[in-house]
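One-letter residues, chain by chain:
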Amino acid sequence: MAEINRDPGIYPPPDADTSWWGDSETPGEPEEPEPAAVKIESKIISTAANTAPSKAQPVVLADMVTAFLARPPGLVWPWRELAKLNEIDIGGITTIIAGTSHGKTSVAISLALYFLSQGKKVLFWSGEMPPEILTAKMLGLEAEVGLKQLAVELRRRQAGEPVSAAVRQAIPIIERYCQNLYIPPAWEVGECCRLLSLADEIQPDVILIDYIQQLRPGMNKYRTRDEEIEAVMGDLNLYAISKSVPIICFAQINREAKNTEKPNITCIRHSATIEQYSSNVIGVWNAGMARVKPTTPCLPVDGWYWCDDTDSTGSAVAVAEAQGQNLIELMVLKSRYHGNVGKSVPLFFAGATGKIQDFPEHSFTGLGRAAQL
């Protein structure tokens, strides 16, 4: 296997005594051969840590302006009001956090379908679901049917029996999307270095990782899980910058945090490292999981409200229930370049299918501060 060019600030030198490095292998002990199914040759992620300019030069403003204007625009969120407040930065990490069963994976699948519909090439790594389940969820979301009903429909189709119009129409769409969709099995590509080697081969337009705490750093051994997460996030960050590719990571909140409360930055498991490397942090909160009681139905004036606005949340729950939907909120918890931190966007959420939709646009009287700048 090719030697990885390691950042000396994170990894020990190849000739160093690593016997103190937790459960490291004994120096000089031969490595066990890797299974053929998972043998993906590691490549150099970045040489920035090991190289330096031959001579330091002052900044030239004209060059910086040219480079700034040449930067590609960020990816647009598929939800109207969130797109007014934030964007998915090219060459950076956007982290989406949520508690158990609040809709994290539904957001991931919705984003994958949205980017695929634009003809983008998507690399989707999941440590929770095998490729066939993720693909089935995409098909079910496109057809707006749950997995149980989808299985019934697909068995009918295999038997040559008629299926619903929704499933019949969704199948060719997902077949077309699959030409640009890559879902490596976690049991084959479960380490960051292998995932990035695969990305070098695929050259995706966007990378989705669900979820980040399940992705292992790779060949080195670490004393703590925090050190592992730091190595993973550091490598992802260098890759995003050097390749100008957006990476969207999904993260679980701490087990100690209450699953009913709206998440914040400190809720992230291994929060310091994940927050440090993320240019954006978006929280996902499902009002149905929190058992929030509805109040007087009232839509937010600008399509969003401050995430600690209990009155607005109760009103939005009432609006969602009147439509036979649940309320899900996407909250801007960190935004390195776009501001609007602390604003929450209410959305409709269908738990059976995972479909996420905007609130009706005509009811909003304003456009939000981000759209006015």
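Residues numbered from 1 in each chain as written. Predicted model: local features only at pLDDT ≥ 70, side-chain atom pairs only at ≥ 80, totals over all residues. Heavy atoms only, no water.

*Asks:* Got a minute to help me understand the overall build of the protein in this structure?
*Replies:* A tally of helices and strands in the protein yields 12 helices and 10 strands. Burial statistics for the protein: of 373 residues in total, 48% are counted as buried. Long-range pairs, those at least 24 residues apart, make up 73% of the contacts in the protein between residues at least 6 apart in sequence. (Helix = DSSP H or I, 4+ residues; strand = E, 2+ residues; numbered from the N terminus. Buried < 20%, exposed > 50% of the residue type's maximum accessible area, 1.4 Å probe, protein only. Contact = heavy atoms within 4.5 Å.)

*Asks:* What is the right way to look at the environment of T260 in this model?
*Replies:* As for its placement among the helices and strands, T260 is situated in the loop between strand 5 (247–252) and helix 9 (271–277). Sequence spacing of T260 and R291 is 31 residues, and the spatial spacing of their C-alpha atoms is 7.8 Å. Contact partners of T260, with chain neighbours within four places excluded, come to W285, M289 and A290.

*Asks:* Sorry, what's going on with the side chain of S315 here?
*Replies:* Here S315 lies in helix 11 (residues 310–322). Accessibility expressed as a relative area gives 11% for S315, which makes it buried. Beyond its immediate sequence surroundings of up to four residues, S315 is in contact with T295, T296, P297 and C298.

*Asks:* How should the state of the cysteines be read in this particular structure?
*Replies:* Such a bond, covalent and formed between the sulfur atoms of two cysteines, is termed a disulfide. The final tally for this structure, using the stated rule, is 0 disulfides. No disulfide involves C249; its nearest neighbouring cysteine sulfur is the one of C192, lying 8.8 Å away. (Disulfide = S-S within 2.5 Å.)

*Asks:* Could you clarify how one ought to interpret helix 3 (residues 104–117) in this entry?
*Replies:* Note that an α-helix has 3.6 residues per turn; residues three or four places apart therefore point the same way. Spanning 14 residues, helix 3 covers 20 Å between terminal C-alpha atoms, matching the ideal 20 Å at 1.5 Å per step. Most of helix 3 is tucked away, with 12 of its 14 residues classed as buried. Of the positions making up helix 3, those classed as buried are K104, T105, S106, V107, A108, I109, S110, L111, A112, L113, F115 and L116. (Expected span 1.5 Å × (residues − 1).)

*Asks:* So what exactly am I meant to see when it comes to the packing of aromatic side chains here?
*Replies:* To describe a pair of aromatic rings, you give the distance between the ring centres and the angle between the ring planes. Throughout the structure, instances matching the rule amount to 2 aromatic pairs. Their ring planes at 55° and their centres at 5.8 Å tell us that Y114 and F115 sit as a pair that is tilted. The aromatic ring of W285 is capped on one face by K262, whose charged end is 5.0 Å from the ring centroid. When the ring centre of W304 is taken as origin, the NZ or CZ atom of K343, which lies over that ring, is 4.9 Å away. (Phe/Tyr/Trp six-rings, centres within 6.5 Å; stacked < 30°, edge-to-face > 60°. Lys NZ or Arg CZ within 6 Å of the ring centre and 35° of its normal.)

*Asks:* So what exactly am I meant to see when it comes to the environment of V284 here?
*Replies:* Relative to the helices and strands, V284 resides in strand 6 (residues 278–286). Given the relative accessible area of 0%, V284 is considered buried. Separated by 188 residues in the primary sequence, V284 and I96 place their C-alpha atoms 7.1 Å from one another. When neighbours within four sequence positions are excluded, V284 is seen to be in contact with I96, I97, A98, H102, G103, V107, P263, I328, E329, L330 and M331.

*Asks:* It is not clear to me how the pairing of strand 8 (residues 326–335) should be interpreted in this structure. Could you clarify?
*Replies:* Side chains on a regular strand alternate between the two faces of the sheet. Burial analysis of strand 8 places 9 of its 10 residues in the buried class, which makes it a mostly covered element. In the sheet, strand 6 pairs with strand 8 via 7 bridges, with the strands oriented antiparallel. The partner of V284 across the bridge, within strand 8, is L330. When strand 8 meets strand 9 (residues 343–350), the two strands line up antiparallel, connected through 6 bridges. Bridge pairing in strand 9 places L327 opposite F348. (Pairing = 2+ DSSP bridges.)

*Asks:* I tried to follow unusual backbone geometry on my own but got confused; where do I start?
*Replies:* Keep in mind that most residues, glycine aside, have a negative phi and that most peptide bonds are trans. Between D210 and Y211 the backbone carries a cis peptide bond, its omega angle lying at -5°. With respect to the secondary-structure elements, Y211 resides in the loop between strand 4 (206–210) and helix 8 (225–243). One non-glycine residue with positive phi stands out, namely S101, at about 65°. Tracing the sequence through the fold places S101 in the loop between strand 1 (93–98) and helix 3. Residue Q203 is not a glycine yet carries a positive backbone phi of 60°. In this structure, Q203 sits in the loop between helix 7 (192–202) and strand 4.

*Asks:* What's the story with a nonpolar patch on the surface in this structure? I'm lost.
*Replies:* Among the surface-exposed residues, V59, L61, M64, V65, F68 and L69 lie close enough to one another that they form a single nonpolar patch of about 680 Å² accessible area. When you line up the elements, F68 lands in helix 1 (residues 61–70). (Patch = residues over 30% accessible without salt bridge, like charges linked within 9 Å, V, L, I, M, F, W, Y side chains within 5 Å. Areas by Shrake-Rupley, 256 points an atom, 1.4 Å probe, with all protein chains shown as cover. Salt bridge = Lys/Arg side-chain N within 4 Å of Asp/Glu carboxyl O.)

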